[in-house]
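The lines below spell out each chain.
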Amino acid sequence: MSSILLLTSSPRSDSYSTKIATELADKIKAQNPGKTIVHRNLAGAPLPHIDEFFTAAIRTPADARTAEQNEAIKISEALVDELLAADTIVIGTGLINFNIYSSLKSWIDNIARAGRTFTYTETGPKGLATGKKAYIVLASGGVYSDGPAAPLNHAVPYLKSVLGFLGITEVETVYVEGLAFGPEAAEKAIGAAQARASELALAA
């Protein structure tokens, strides 16, 4: 059974990125009843940062790893399995210091694995996590989708680069932006994001 991997990363209980990303995942599932949703709350259950034990383990052939090395990458192996089992990925993040939350970055560090989600070839790296579609839900106080502040939006270009490197090239973005411009602007931004999510879910 195919799955929708929902990744939320905001530490805020009233997070709009979490709200819209969750709604989008639910709407995609409603259009595809056979799918299941696997939710990783990366803020509520933070992943460990990679360390020297992790890096040593992933550089050791699987059949030569010690018990300690297998333990060091146990979480990473589970995360990679979740990613590879999914055919849809929904990522929710706020724009923090012009990029993604560190909790989401830790997920990326754990799943970007040579030999599992990408490989090196004579012509360069090749993604192995193919056949998937991804959706990015980005919430921000200002407007970063276009206009003068757009160059400061490093979150979407970065996520698209990482996903593309892994072989996931079909990526859609939902912006929930201008939230700091007052209640009326926030309400309008949320409504626009929900409409965009509904549109994308219908096309999924």
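These numbers were taken from a predicted model, which means no experiment stands behind them.

> What is the right way to read the pairing of strand β7 (residues 170–177) from this model?
Regular strands have side chains that alternate between both faces of the sheet. Alignment of strand β6 (residues 133–140) against β7, held across eight bridges, turns out to be parallel. Counterpart to Leu138 in the pairing with β7 is Tyr175. Following the backbone out of β6, through helix α6 (residues 155–165) and into the adjacent parallel β7, one traces a crossover that is right-handed.

> Would you take a moment to explain the environment of Ala180 for this structure?
Summarising the element assignment, Ala180 is placed in the loop between β7 and α7 (183–203). Expressed as a C-alpha distance, the spacing of Ala180 and Ser140, which sit 40 residues apart in the sequence, is 7.9 Å.

> Would you take a moment to explain the sheet that holds strand β3 (residues 86–94) for this structure?
Sheets are built from strands that pair by backbone hydrogen bonding, the pairs being arranged parallel or antiparallel. One open sheet holds the five strands; their spatial order is β2-β1-β3-β6-β7, and the pairing between them is parallel. Of all the strands in the sheet, just β2 (36–41) and β7 have a single pairing partner and so form its edges. Within the sheet, the average angular offset between the axes of one strand and its neighbour, ignoring direction, is 15°. Of the strands in this sheet, β1 (3–8), β2, β3, β6 and β7 touch helix α1 (residues 16–31), which is tilted by about 160° from β3.

> I would appreciate a short explanation of unusual backbone geometry in the present structure.
Excluding glycine, residues mostly carry a negative phi; peptide bonds, for their part, are mostly trans. Even without being glycine, Asn97 reaches a positive phi, approximately 50°. Note on placement: Asn97 falls in the loop between β3 and α5 (102–111). Within the chain, Phe98 stands out as a residue other than glycine whose phi angle is a positive 75°. Summarising the element assignment, Phe98 is placed in the loop between β3 and α5. Phe98 sits in the partly exposed class, given a relative accessible area of 36%.

Calculation criteria
- Residues numbered from 1 in each chain as written.
- Predicted model: local features only at pLDDT ≥ 70, side-chain atom pairs only at ≥ 80, totals over all residues.
- Heavy atoms only, no water.
- Pairing = 2+ DSSP bridges.
- Helix = DSSP H or I, 4+ residues; strand = E, 2+ residues; numbered from the N terminus.
- Right-handed = clockwise from strand over helix to strand, strands pointing away.
- Axes fitted to C-alpha atoms, helices over the stretch in contact; angles between N-to-C directions.
- Contact = heavy atoms within 4.5 Å.
- Buried < 20%, exposed > 50% of the residue type's maximum accessible area, 1.4 Å probe, protein only.

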